Amino acid sequence: MPPPTILLPRALSDHIVLGRTDGDDVSSATSPSQQEHHEEEAAAGSSEIICIHLLDNHRLPDEEDQQQSPESRRRRSMKDVVSFVINANRFVPSRDDGDRVVYSRTLSSMPNIPQAMNDIDVSFIEKGLKLGGALPDGARVSAIDIKPLSLNGFLSDVGRCHITYEGVVDNDEDGMTPTPPARLVIKLAGAQSEAGEEIARENNLYHMEAEFFRKFAEYASVGTPHCYAAFEDSKFGNVILLLEDLQDRDGLYFVNQLEGIRRKEMMDMAVSLSALHAQHWSWEGAAGLPAWLPHCTDITVRNPCNPAHMERYLSSAFVDEAHCASRGVGGEVRKACLQITERADEIREAMKRGALTLCHNDARSDNVFFGDRSGAPGGVVLLDWQIMSTGVGAADLAFVASNSVTDEPPSEARDKAYVKAYWESLTSRGVDPDRYSFDACWHDYLLGIAWTYACLTVFIEFGEAEQMLEDPLCRAMHDRSMLAVEGLRVHELETFARH
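Definitions and limits used
Residues numbered from 1 in each chain as written. Predicted model: local features only at pLDDT ≥ 70, side-chain atom pairs only at ≥ 80, totals over all residues. Heavy atoms only, no water. Helix = DSSP H or I, 4+ residues; strand = E, 2+ residues; numbered from the N terminus. Buried < 20%, exposed > 50% of the residue type's maximum accessible area, 1.4 Å probe, protein only. Areas by Shrake-Rupley, 256 points an atom, 1.4 Å probe, with all protein chains shown as cover. Pairing = 2+ DSSP bridges. Arc of directions from axis to C-beta. Contact = heavy atoms within 4.5 Å. Patch = residues over 30% accessible without salt bridge, like charges linked within 9 Å, V, L, I, M, F, W, Y side chains within 5 Å. Salt bridge = Lys/Arg side-chain N within 4 Å of Asp/Glu carboxyl O. Lys, Arg positive; Asp, Glu negative; His and termini not counted. Charge placed at Lys NZ, Arg CZ, Asp CG, Glu CD. Expected span 1.5 Å × (residues − 1). Phe/Tyr/Trp six-rings, centres within 6.5 Å; stacked < 30°, edge-to-face > 60°. Polar contact = N/O pair within 3.5 Å; in protein donor to acceptor, adjacent residues only side chain to side chain. Axes fitted to C-alpha atoms, helices over the stretch in contact; angles between N-to-C directions. Parallel < 35°, antiparallel > 145°, perpendicular 65-115°, else oblique. Left-handed = near helix turned anticlockwise from the far one by under 90°. pLDDT = per-residue confidence, 0-100. Nonpolar A, V, L, I, M, F, W, Y, C, P; charged D, E, K, R; others polar.

### Details of the overall build of the protein chain
Then, number 1: Secondary structure summary: the protein chain contains 15 helices and 14 strands in total.
Then, number 2: A total of 499 residues make up the protein chain; the buried ones form 54% of that total.
Then, number 3: Within the structure as shown, the protein chain displays about 21,600 Å² of accessible surface, and the carbon and sulfur contribution to it stands at 48%.

### Some words on unusual backbone geometry
Then, number 1: Phi at Asn361 is positive, roughly 75°, even though this residue is not glycine.
Then, number 2: With respect to the helices and strands, the residue Asn361 is situated in the loop between strand E11 (357-359) and strand E12 (368-369).
Then, number 3: One non-glycine residue, Asp384, lies in the positive phi region at around 55°.
Then, number 4: Structurally, Asp384 can be placed in the loop between strand E13 (381-382) and strand E14 (389-391).
Then, number 5: On the basis of relative accessibility, which here comes to 16%, the residue Asp384 falls in the buried class.

### A word on the pairing of strand E9 (residues 227-233)
Then, number 1: Counting buried positions along E9 yields seven of seven residues, so the element is predominantly enclosed.
Then, number 2: Judged from the six bridges that link them, E9 and strand E10 (residues 238-244) form a sheet pairing that is antiparallel. From the neighbouring strand, Cys227 faces E10, where its bridge partner is Leu243.

### Digging into helix H10 (residues 344-352)
Then, number 1: Here H10 has its buried residues at Ala344, Ile347, Arg348, Ala350 and Met351. Each buried residue of H10 sits inside an arc of 165° when the element is viewed along its axis, so together they form one side.
Then, number 2: Residues of H10 that are buried sit in contact with helix H7 (307-314), helix H9 (331-342), helix H11 (393-404) and helix H13 (438-456).
Then, number 3: Gly354 occupies a position one or two residues after H10 and carries a positive phi of about 75°.

### Observations concerning a negative patch on the surface
Then, number 1: Residues Asp320, Glu321, Glu464, Glu466 and Glu470 make up a contiguous surface patch of negative charge.
Then, number 2: Relative to the elements of secondary structure, Glu470 occurs in the loop between helix H14 (465-469) and helix H15 (472-487).
Then, number 3: With relative accessibility at 62%, the residue Glu470 sits in the exposed group.

### Considerations on the pattern of salt bridges
Then, number 1: What the rule picks out here adds up to 33 salt bridges.
Then, number 2: For Glu211, the salt bridge is made with Arg214, and the minimal N-O distance between the two is 3.1 Å. Of this pair, Glu211 and Arg214 both sit in helix H5 (residues 205-215), three residues apart, which is roughly one turn of that helix. Residue Glu211 shares its accessibility class with Arg214, and that shared class is buried.
Then, number 3: A cluster of three or more residues bridged by salt bridges with shared partners is formed by Asp298, Arg348, Glu349, Lys352 and Arg353.

### A word on helix H12 (residues 412-428)
Then, number 1: With 17 residues, H12 should cover 24 Å at 1.5 Å per step; its first-to-last C-alpha distance of 23 Å lies within 8% of that length.
Then, number 2: What H12 keeps buried is the set Arg414, Asp415, Tyr418, Val419, Tyr422, Trp423, Ser425, Leu426 and Thr427.
Then, number 3: Tucked inside the fold, the buried residues of H12 contact helix H6 (263-279), H11 and H13.
Then, number 4: A positive phi of about 115° marks Gly430, the residue just after H12.

### A look at the packing of aromatic side chains
Remark: the centre distance and the inter-plane angle together describe each pair of aromatic rings, the angle taken between the planes.
Then, number 1: Overall, the coordinates contain 16 aromatic pairs when judged by the stated rule.
Then, number 2: Centroid distance Tyr313 to Phe318: 5.5 Å. Interplanar angle 25°. Geometry classified as stacked.
Then, number 3: Judged by relative accessible area, Phe318 falls into the buried class, the value being 0%.

### Some details on the environment of Ser481
Then, number 1: Relative to the assigned elements, Ser481 resides in helix H15.
Then, number 2: The buried category is assigned to Ser481, whose relative accessible area is 0%.
Then, number 3: In this structure the C-alpha to C-alpha distance between Ser481 and Ile449, which are 32 residues apart in sequence, comes to 7.3 Å.
Then, number 4: Beyond its immediate stretch of four places on either side in the chain, Ser481 contacts Ser402, Thr452, Tyr453 and Leu456.
Then, number 5: Looking at Ser481, its side chain comes within polar contact range of the main-chain oxygen of His478, at 2.6 Å.

### Side note on the environment of Ala421
Then, number 1: Assignment of secondary structure puts Ala421 in helix H12.
Then, number 2: Considering only alpha carbons, one finds Ala421 and Met269, 152 residues apart in sequence, at a separation of 9.5 Å.

### Quick look at the packing of H10 against H13
Then, number 1: Across the interface, H10 lies against H13 with an axial gap of 10 Å and an inter-helix angle of 125°. As summarised for this structure, H10 and H13 are arranged oblique, according to the angle between their axes. The handedness of the crossing between H10 and H13 is left-handed. Across the interface between the two elements, Ile347, Ala350 and Met351 of H10 pack against Leu447, Ala450, Trp451 and Ala454 of H13.

### Points about the side chain of Arg414
Then, number 1: Among the secondary structure elements, Arg414 is positioned in helix H12.
Then, number 2: Note on Arg414: relative accessible area 2%, which makes it buried.
Then, number 3: At 2.7 Å, the side chain of Arg414 and the side chain of Asp415 are in polar contact.
Then, number 4: Leave out the neighbours within four places in its chain, and Arg414 touches Arg263, Ala401, Val405, Glu408 and Pro409.

### Remarks on the pairing of strand E8 (residues 183-189)
Then, number 1: Counting buried positions along E8 gives seven out of seven residues, so the element sits mostly inside the fold.
Then, number 2: Across seven bridges, strand E7 (residues 156-166) lies against E8 in antiparallel orientation. Looking across to E8, one finds that Gly159 is bridged to Ile186.
Then, number 3: The sheet contact formed by E8 and E10 spans five bridges and is antiparallel.

### A few points about the confidence of the model for the protein chain
Then, number 1: In the predicted model, the protein chain carries a mean pLDDT of 78, and the fraction of residues at 70 or more is 75%.
Then, number 2: The model gives residues 1-109 a pLDDT under 50, and that stretch makes 187 contacts with residues more than four places away or in other chains.

### Describing the packing of H11 against H12
Then, number 1: Two elements in contact, H11 and H12, have axes separated by 11 Å at closest approach and are oriented at 140°. Judged by the angle between their axes, H11 and H12 are oblique. The hand of the H11/H12 crossing is right-handed. In contact with Gly393, Ala394, Leu397 and Ala401 of H11, H12 contributes Arg414, Asp415, Tyr418, Val419 and Tyr422.
Then, number 2: Residues of the contact of H11 with H12, tallied by class, amount to six nonpolar, one polar and two charged.

Structure (structure tokens):
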């Protein structure tokens, strides 16, 4: 019997062909007549049929499923198929010009995307949900209400969209009709300041987050929000993401960064980040990772040795002796951090050497939900992937520890507990402990503490120091990172060079 083939209608009137190929060429999943038809369409330049392999970690129902109830089989079958279709985005080539929309299943043209939150209307939300396969046939969006989120980002404009529908049937008898979301989180290009938006555009950060949802999110080993649609206007660099509102996911909770996370959440972060890093670990450094990914120190907001902003920073209230003393980071803390600024070039070079991996680079508590019950490592769901890059894995851990933990002050005992949990989880996931010892991991973590403080000097680029220090979040992140440098005696390291 030939392997099964399933045709699923797509929102853009084309189809994906799903077949079990068992490692053979994808043509084995289709009948000769279907294959001939596909080849004719390919020769004609048509994109109406896409033939792709079934991923190893997904399968179509087999004989074992026959022992389950009809309802279980029906839901299992749909789950397998949907998982496969979502992951199919990796096989669809991107386009280099014109307007485009990236979503979980494919890529297609989408002109005239809104330029601001106030420009988003009912028809745009409805189109996005249709493209993402979340709006059932016969249903339509009748009204939306968008409110700004209280925790807006440094580099993006973010709002919550409440949606009213018409034509949605509550009784889903076959278990295969999508239930549209009651709310979405909308994220689009734009920042709290013109300087912030300029930095984001110069570093292509809006596009980078769209690339994460297109190429990484649906098969990432860490928890991420579902992206219903990601619209991108490559001509002007505008991006709009329609994301799952994680407040609607069962069991999740959020910890405001000013309040700070505790040891429990930090241990969960150690497990989550280890899963991300192990999945993309490269002993060959950047050579073993996608060439289009930047290195973290090549991104303005994560570059520890930009001469222009470092000069401004050192003459500002951020490190002014009297101002530091008034904030509780004077004396030895200030002196330790000034020594770090003198070694910024050394830190940057060390961050580029040795084994590298895919890093989040902004894994602070305002970008995290905890308590996921669906199996995400550590129960952690990570948001805000604009600054993703290649980097040192343990530095990702150091970033969150240095500016988000508030229940205990930085100390060797506290932080080694975090690193131990991270290293044990990392090596349990396939990273060779003989090649990457705990001592090497601890050294990388201390390098990451230095890097976190040094790269946060970029706050000077977002506005005048006195103005930025009036922002409670900015002040907390900056000053906590100063305390971590001194508390862990990072400035006393003889070298930042990696083991």
